[in-house]
Amino acid sequence: MISAKRKAFIFLIIAFILAIMTGWFINTQISHAKEVMGQSVKVAVAKKDIVAYSEISENMVEWMEIPKSNAGSSFITTEQDLKEHLSIVDLKKGDLITKNLVRSQVDIPDGHRVVWLNPTENVLMDQQIYVGDKVDIIASYEKKNEGVITKRIMNDIDVIQTDSTVVGDSQQENVSAIKVSITVEQAEQLIHLQNTAKQIRVLRVNQIEINNQEDTEQNNANIQQDEKEKAEQNVEEQKVKEAAAEEEKQAEIKKQEEAKKQEEEKKQAENKKKEDKGEKEKK
């Protein structure tokens, strides 16, 4: 009866402790959620309609506060992210301005040269091209023993300047000449082909697709980093578990040795007691 009451009392104490811990955990989570929901961040939105390939200035942008939990990684939250940037799509007033919808104006890297590509009868621009775009260049030219071949000679080339020009080909009257930034070796090849190729086609690269690809690559890199950190954490946790198990094992061995020692001491005491009794009986 006493044992049953004691067990019930212990159970009630354990239940009370668990109830307190559960209440504390729930309260902590609620407080954290309130804190996160209460935080806000300013994101960039179009203050007015913005035409594609316009340089974004301060009077084109306003800042709207949204909950921090709703802000995506592609949202623009600082003015620095828009400094010397262009919009690559048309934006309506109130549209969110995200990183995949803008790009920086291109600087000329070290070791690069600037080459003009003028629309002519043998240099064709398939669509209007703007500063900040990237282009692929495809050429059709004669090669010894192979005849006329067509291949992409350059890809993802930066356009750093455009200039309206009028040429004899009526199909290109509204097409601008462009300046591209390329290496010296590429410049030699391109200038040679401008003078000798049967045709050069300049194709604008889809900027949104490139930006989305870059975002995907960044997300994949973040996922790999998270998986690596998680794996390292699992290894550490496993080491801790193994150390705890080893410590528990050693404690159990020590406990068994102590019990064995006490048993031997008890037997020795009993044997000695028997011997003393035997000696008394002999006397």
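Now for a quick tour of the structure.

The rules we used
- Counting from 1, residues in each chain are numbered in the order their sequence is written.
- Confidence filtering applies because this is a predicted model: local features only for residues at pLDDT of at least 70, side-chain atom pairs given and counted only at 80 or more, and all residues used for totals across whole chains, interfaces and linings.
- To get the side-chain values, all heavy atoms of the structure are used, and hydrogens and water are removed first.
- A side-chain nitrogen of Lys or Arg and a carboxyl oxygen of Asp or Glu constitute a salt bridge if their distance falls within 4 Å.
- Each helix corresponds to a stretch of at least 4 residues labelled H or I by DSSP, and each strand to a stretch of at least 2 residues labelled E; elements are numbered beginning at the N terminus.
- Only protein chains enter the calculation, and the probe is 1.4 Å; a residue is then buried if its accessible area is under 20% of its type maximum, exposed if over 50%, and partly exposed in between.
- Definition used in this section: a nonpolar core is a set of buried Ala, Val, Leu, Ile, Met, Phe, Trp, Tyr and Cys residues joined via side-chain atoms within 4.5 Å.

The subject of this paragraph is the pattern of salt bridges. One pass over the full model with this rule turns up 5 salt bridges. Note that aspartate 126 and arginine 201 form a salt bridge whose closest N and O atoms lie 2.7 Å from each other. One end of the pair, aspartate 126, is in the loop between β6 (123-125) and β7 (134-143); the other, arginine 201, is in strand β10 (residues 199-204), and 75 residues separate them in sequence. Owing to a relative accessible area of 31%, arginine 201 belongs among the partly exposed residues under this scheme. Arginine 204 is the salt-bridge partner of aspartate 133, the closest N and O atoms lying 3.8 Å from each other.

Let us look at the nonpolar core. Counting residues in each nonpolar core, the largest one holds 24 residues, and the members touching the most others are Leu117, Met125, Ile178, Val180, Ile182, Leu190 and Val202. At the level of secondary structure, the elements contributing two or more residues to this core comprise β5 (112-117), β6, β7, β8 (147-164), β9 (176-183), α2 (184-196) and β10. Looking at this core element by element, the count peaks at 5 residues for β8. Ala52, Tyr53, Met60 and Ile97 belong to the second-largest nonpolar core, a separate cluster that totals 16 residues.

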